[in-house]
Amino acid sequence: MTAEQWIYLDGQYVTKENAKVSVFDHGFLYGDGIFEGIRIYNGNIFKCKEHLDRLYDSAKSIMLDIPLSYDEMREAMAETIRRNEMRNGYIRLVVSRGYGNLGIDPLRCEKASVVIIVEELSIYPEEAYLKGLRTISVSQRRNIPDALNPKIKSLNYLNNVLVKIQSNHAGAGEAIMLNSQGYVTEGSSDNIFIVKNGVLITPPCYLGALEGITRNAIIELADKIGLPFKEQPFTLHDVYVADEVFFTGTAAEVIAAYEVDGRTIGDGVAGPITLKLLEEFRQIVDKDGYKVFAE
Ligand code: PMP
């Protein structure tokens with residue numbers, strides 16, 4: 001990475017100190033906007049198309065006109081990576097409703113604002129992938145899909161932040177969120193899987209979860225290695241008695257839970273299927289996507 005961090009801000013490349021948006025931006029005032037978190041591995045934007053598809057779908061759902069075409073957005077992302085000479089790291093794409101007045105009405109915002117930030121990333125030390133995380137379930141329920149659908153990756157993350165606050169307070173590494181019917185949905189910023197008797201299970205996203213790109217990649221890898229898979233609702237009981245529990249996300253990749261609400265999961269370390277899927281996952285991350293640098 002270059003000494004100076006370059007940030008894309010509405011068509012300009014500016015330094016971190018100069019990367020400023022207005023206090024009248026509705027992303028700031030109302031959480032009105034959308035975002036994506038993407039990884040770059042060895043110069044490859046992992047699952048670039050899938051992330052851009054989700055970004056443009058979120059935009060359509062909230063009637064937000066992204067001022068860049070799909071190809072322009074991909075090129076802006078690639079150019080930000082090149083300017084920062086960033087071969088491995090994290091990309092944050094943000095599209096806010098833009099500058100408006102103090103009223104909530106998005107019609108007062110003339111043009112959406114686009115920000116692209118690339119940064120180095122180290123979320124968990126390597127040992128954590130072998131041991132897993134101590135986790136808890138939280139009392140905070142997932143937003144109900146008919147109020148604010150968790151499939152929209154919106155800037156309104158207070159639901160998740162409140163979960164993180166509870167989980168921090170309990171000294172846990174990740175938390176499990178239920179929906180208002182008591183079904184398991186996802187973590188604070190990761191999807192969840194369990195393994196029982198050799199079958200991989202994840203909840204359907206309609207229960208209230210983001211359709212994670214890592215989640216989908218893991219489902220494809222399970223198919224590739226012949227691991228039986230089901231998308232099925234389950235409760236905390238099923239998590240407690242699972243042989244393995246793990247979370248998936250762009251930043252976290254694939255990380256086990258060795259404990260949930262005081263119950264030890266399996267042998268109290270990351271299980272063999274979790275580690276196998278992590279290994280398979282790490283083999284595709286620099287291949288499946290969009291290559292930024294001319295080889
Ligand atoms: N759920 C939530 C709430 C998230 O914010 C994320 C993104 N970190 C995920 C799941 C995982 O999605 P992805 O694999 O696309 O990063």
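Above this text you will find the structure in question.
Residues numbered from 1 in each chain as written. Predicted model: local features only at pLDDT ≥ 70, side-chain atom pairs only at ≥ 80, totals over all residues.

Draft legend 1. A look at the nonpolar core. Grouped together as the largest cluster of nonpolar side chains are 38 residues, with contacts concentrated most on Val245, Phe246, Ile255, Ala256 and Ala257. Those elements that provide at least two residues to this core are β7 (133–137), β8 (174–178), β10 (191–196), α6 (213–224), β13 (244–249), β14 (253–260) and α8 (272–284). A per-element tally of this core places β14 first, with 6 residues. Apart from residues no more than four positions distant in its own chain, alanine 256 is found in contact with Gly132, Leu133, Glu244, Val245, Phe246, Ala270, Gly271 and Thr274. Counting residues in hydrophobic clusters, the runner-up holds 28 residues, among them Ile34, Ile38, Ile40 and Leu52. (Core = buried A, V, L, I, M, F, W, Y, C linked by C-beta atoms within 7 Å. Buried ≥ 20, exposed ≤ 12 C-beta atoms within 10 Å, placed from the backbone. Helix = DSSP H or I, 4+ residues; strand = E, 2+ residues; numbered from the N terminus. Contact = placed C-beta atoms within 7 Å.)

Draft legend 2. Region of interest: the site of the ligand. Residues in close proximity to the ligand total 15 residues, the closest being Leu210, Gly212, Ile213, Thr214 and Thr250. For the shell around the ligand, the elements supplying multiple residues, two or more each, are α6 and β13. Ranked by the residues each element gives to the shell around the ligand, the list is headed by α6, at 3 residues. Across the shell around the ligand, the residue classes tally to 3 nonpolar, 9 polar and 3 charged. (Near = placed C-beta within 6 Å. Nonpolar A, V, L, I, M, F, W, Y, C, P; charged D, E, K, R; others polar.)

Draft legend 3. Representation of the sheet that holds strand β4 (residues 44–46) within the structure. Reading across from one edge, β2-β1-β6-β5-β3-β4-β16 is the order of the 7 strands in this open sheet, with antiparallel pairing throughout. Sheet topology places β2 (12–15) and β16 (289–291) at the edges, where each strand pairs with a single neighbour. If you compare each strand with its neighbour and ignore which way they point, the axes differ by 25° on average. With 3 bridges joining them, β4 and β16 adopt antiparallel strand pairing. Paired with isoleucine 45 across the two strands is tyrosine 290, which belongs to β16. Each of β3 (33–41), β4, β5 (89–96) and β16 is contacted by helix α2 (residues 48–61), which is oriented at about 175° to β3, the strand it contacts most. Relative to strand β6 (residues 113–119), helix α3 (residues 70–83) is tilted by about 35°, and along the sheet it contacts β1 (6–9), β2, β3, β4, β5, β6 and β16. (Pairing = 2+ DSSP bridges. Axes fitted to C-alpha atoms, helices over the stretch in contact; angles between N-to-C directions.)

None of the figures reported here should be taken as evidence of function without further support.
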